Protein chains: 2
Amino acid sequence: MVDGAKPAKIKNIAELARLAGVSAGTVSRALADMSLVNKETRERIQALAREHGFRPNQMARRLRTQRTGVIGVVIPLGHERRQHISDPFFMTLFGYLADELTESGHDLMLSRVIPGDDEWLDRIVDSGMLDGALVIGQSNQSAVIERVAQYYKPLVVWGSYREGQVQCTVGVDNAAGGRLAAQRLLDRGGRELAFFGDTNGPEIADRLAGAQQAVSVVPGATLRAFPTHLASDEMASQIAMNLDEIGASVDGIVCASDIIAMTTIRHLHERGISVPDQVAVTGFDDLPLSQRMVPQLTTVRQDIAAGARAMAEALRIRLDGKDAPSTVMVPELIIRESA
Amino acid sequence: MVDGAKPAKIKNIAELARLAGVSAGTVSRALADMSLVNKETRERIQALAREHGFRPNQMARRLRTQRTGVIGVVIPLGHERRQHISDPFFMTLFGYLADELTESGHDLMLSRVIPGDDEWLDRIVDSGMLDGALVIGQSNQSAVIERVAQYYKPLVVWGSYREGQVQCTVGVDNAAGGRLAAQRLLDRGGRELAFFGDTNGPEIADRLAGAQQAVSVVPGATLRAFPTHLASDEMASQIAMNLDEIGASVDGIVCASDIIAMTTIRHLHERGISVPDQVAVTGFDDLPLSQRMVPQLTTVRQDIAAGARAMAEALRIRLDGKDAPSTVMVPELIIRESA
DNA sequence: ACAGAAATAGCAATCGATTGCAAAGACCCA
DNA sequence: TGGGTCTTTGCAATCGATTGCTATTTCTGT
């Protein structure tokens, strides 16, 4: 015992009350620092509580007040079997969200979900444990999310915006981002392009659509899409397969994430293909590592911090029962070395 | 309404009971699928609950049962001002922990703490919100953790093991790891070594100590330590400064993490210094990215998945009130291209 | 057909903090 | 001195689910 003497274990307000010679109600008010109780009594009780290291039971408080102070952060892993969570993009976003929300006195509860049925989100929001929920990434679960959003207000989703949707989304304009990336490759003179990414979710699908759109207006330019998992062990071998299939026929690759781009560049390096001279490669996200690698990555930037702020702000509004609109952020092309 | 008809909002067990024509107790037991209630009644009640989308309030359940099912994951940011959380190592560990613990029916609550006083951990474990807590990284808070560990059993810490400690730690033998890295550089013929890392926490300090030990037995070999922050924006500029100060006098660098190594290699590349020919570089962690970069990283592997398993296992034992010993894992040198 | 065991269901206390309302005492001014 | 206001505290209901105990039926075997 360093600071000596935790005199006795007080386990609830009633005991503290007896010790202080007052009623439980008074203790409760004193601990909440309400001016309703005499300043002296208040301070005496607070001192006593501190001395005994007593802290009121949060479960009871939350049951009574009907507020939990907990925000659920949900990562649906619909089309990704494993370890989506280790995707640096999601983790960085998660970190910023933690910053924002702990600042406003909320706790974060993480749920990783592998949707087995259509009820996974209902289970989470109806659990009675949460004041609100943030869904990170729509995966292939947009329909479920949309249904829940119709009856559960304090829900904000990171993902693509669709005309007419009920859910409140925050995200970058993925189509515009895809367009920027492809355009960059075209501008450098590339004509035979490839796209690496898993288009099962709307976000990546939009990126591909944007890229296709850019390609379609340039005569003679083509774009082939190769399904490529995100942030899993499969990714590396899939990329290798893709490159084998492509051979030397491609001069530019639009990657759906920085991680995919990084892995792709690594594999090109192994095959003795130089980046960007023989094949140019673009990423997506602009993670910190994209400027730390060799070569530095030309990529489409999503402002993750701003996104987290927008999500937190929308959630705060919705916690108050008001409506908050979706946010579509404008992507920015960051030109470095790889394209 | 896609699946049509959430007939009415049932908000507690009593209402459902009235609807089913039984008592609240019976409903509670039925929902818990206890054989104590007649199979027919049970199924009827379950069907009714499903139909109305009713789920019992977790706060009430937890208050009554005195079990929350929530494990706190705490990341103390004692000597790192910001964004420690985005460190891929911690995040990967966090991901595996999520796997392990959700499997055994626990939820994870994340707390990032910037220790302002000596009570931060007490506040967390006494909140009454948690069944147990995992501390990821000791930072410079070992003393606080040790004090809390004396009265709070279900606590497991990722970090360095110290003889005689009360806290239950899981972690790699950092000194051995540092020794391995330095030894590799020495074996390659390096004699003027440098160490990049922030030695305020015991983990990195141990790695440095191990490296020093390896160097000390080789005549003519030297090791200089340079303080280098982890996973913050400062890191890059600090590394640049370190390299400027070093000049051409160093032929091997022991980095305290893969991220530091990656950034270091990037800066060496910019200065036209080849890795590993002119300067060899080792990392620490063996993150997935270490084999995806150019050049691939020679690094000291920590088996993160195994670590997470060990932490979860120790916690489970401690949740049952029994004692679980610390785990010290053996680090492994993974030789790739950078050293 | 009846004692005793087994299967069901209900009653009511309990977890611990919060809070509206009432009560008691202090104080003020005419 | 007496009516009225202000402070301060206590009382008891409440949040919603769980569970030990009891009460009522329904079997079972003889």
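A few points on the structure. (Residues numbered from 1 in each chain as written. Chains lettered and ligands numbered in written order. Predicted model: local features only at pLDDT ≥ 70, side-chain atom pairs only at ≥ 80, totals over all residues.)

Notes on the protein's contact with DNA strand C
Then, in step 1: As a matter of local geometry, DNA strand C sits amid 28 residues, with Asn12(A), Ile13(A), Gly25(A), Ala60(A) and Gly25(B) nearest to it.
Then, in step 2: Sorting the residues of the surface near DNA strand C by element identifies α1 (13-20), α2 (24-31) and α4 (58-65) of chain A together with α2 (24-31) and α4 (58-65) of chain B as the ones contributing at least two each.
Then, in step 3: For the surface near DNA strand C, a count of residues per class yields 13 nonpolar, ten polar and five charged. (Near = placed C-beta within 6 Å. Helix = DSSP H or I, 4+ residues; strand = E, 2+ residues; numbered from the N terminus. Nonpolar A, V, L, I, M, F, W, Y, C, P; charged D, E, K, R; others polar.)

Brief notes about the sheet that holds strand β11 (residues 327-329) of chain A
Then, in step 1: Ordered by their spatial adjacency, twelve strands build an open sheet running β11(A)-β5(A)-β4(A)-β3(A)-β1(A)-β2(A)-β2(B)-β1(B)-β3(B)-β4(B)-β5(B)-β11(B), and the pairing between neighbours is mixed. Strands at the two margins of the open sheet, each flanked by one partner only, are β11 of chain A together with β11 (327-329) of chain B. Going across the sheet, the axis of each strand differs from the next one's by a mean of 20 degrees, ignoring polarity.
Then, in step 2: As paired elements, strand β1 (residues 70-76) of chain B and strand β3 (residues 132-136) of chain B share four bridges and run parallel to each other. Looking at the pairing, Val73(B) lines up with Leu134(B) of β3(B). (Pairing = 2+ DSSP bridges. Axes fitted to C-alpha atoms, helices over the stretch in contact; angles between N-to-C directions.)

Remarks on the relation of the copies chain B and chain A
Then, in step 1: When chain B is fitted to chain A, the best match, at an RMSD of 0.2 Å, comes from turning it 180 degrees and sliding it 0.0 Å along the axis. Overall, the copies show the geometry of a two-fold rotation axis. Nearest to the rotation axis, the C-alpha of Met109(B) is located 2.2 Å from it, this being the minimum over chain B.
Then, in step 2: In this assembly, 100% of the residues forming the interface of chain B have copies in chain A that are likewise at the interface, indicating an isologous arrangement. (Least-squares fit on C-alpha atoms with pLDDT ≥ 70 in both. Contact = placed C-beta atoms within 7 Å.)

So, the interface of chain B and chain A
Then, in step 1: Taken together, the contact between chain B and chain A spans 39 residues of the former and 40 residues of the latter.
Then, in step 2: Of all elements in the fold, only α4, α5 (88-103), β2 (107-113) and α11 (258-270) of chain B reach the threshold of two or more residues within the side of chain B that touches chain A.
Then, in step 3: Residue composition of the side of chain B that touches chain A, by class: 16 nonpolar, 14 polar and nine charged.
Then, in step 4: Relative to β2(B), strand β2 (residues 107-113) of chain A is paired through three bridges, and the arrangement is antiparallel. From the neighbouring strand, Met109(A) faces β2(B), where its bridge partner is Met109(B).

Points about the pairing of strand β5 (residues 168-172) of chain A
Residue and element names in this part refer to chain A.
Then, in step 1: With five of five residues buried, β5 is to be regarded as a mostly interior element.
Then, in step 2: Across the two faces of β5 the burial is the same, with Cys168, Val170 and Val172 and Thr169 and Gly171 all buried.
Then, in step 3: For strand β4 (residues 155-158) and β5, the ladder comprises three bridges, and the chain directions are parallel. Directly across from tryptophan 158, in β5, lies its bridge partner valine 170. (Buried ≥ 20, exposed ≤ 12 C-beta atoms within 10 Å, placed from the backbone.)

Quick word on the protein's contact with DNA strand D
Then, in step 1: For DNA strand D, the set of nearby residues contains 28 residues, the closest of which are Gly25(A), Asn12(B), Ile13(B), Gly25(B) and Ala60(B).
Then, in step 2: For the surface near DNA strand D, the secondary structure elements donating two or more residues are α2 and α4 of chain A together with α1 (13-20), α2 and α4 of chain B.
Then, in step 3: Residues belonging to the surface near DNA strand D are distributed by class as follows: 13 nonpolar, ten polar and five charged.

Examining helix α7 (residues 142-151) of chain A
Think of an α-helix as turning once every 3.6 residues; residues three or four places apart then point the same way.
All names here are of chain A.
Then, in step 1: Listed as buried for α7 are Ser142, Val144, Ile145, Val148 and Ala149. All buried residues of α7 fall inside an arc of 160 degrees around its axis, so they share one side. Across α7 from its buried face, at more than 90 degrees, point the exposed residues Ala143 and Gln150.
Then, in step 2: Against the buried residues of α7 lie α6 (120-125), β3 (132-136), β4 and α9 (202-216). (Arc of directions from axis to C-beta.)

Considering unusual backbone geometry
Then, in step 1: Val294(A) connects to Pro295(A) through a cis peptide bond whose omega is -5 degrees.
Then, in step 2: Positive phi outside glycine occurs at Asp33(A), with the angle close to 60 degrees.
Then, in step 3: Relative to the elements of secondary structure, Asp33(A) occurs in the loop between α2 and α3 (39-51).
Then, in step 4: By the C-beta count within 10 Å, which is 11 here, Asp33(A) ends up exposed.
Then, in step 5: In this model, Ser139(B) sits at a positive phi of 50 degrees, which is unusual for a non-glycine residue.
Then, in step 6: Given 25 C-beta atoms within a 10 Å radius, Ser139(B) is considered buried.

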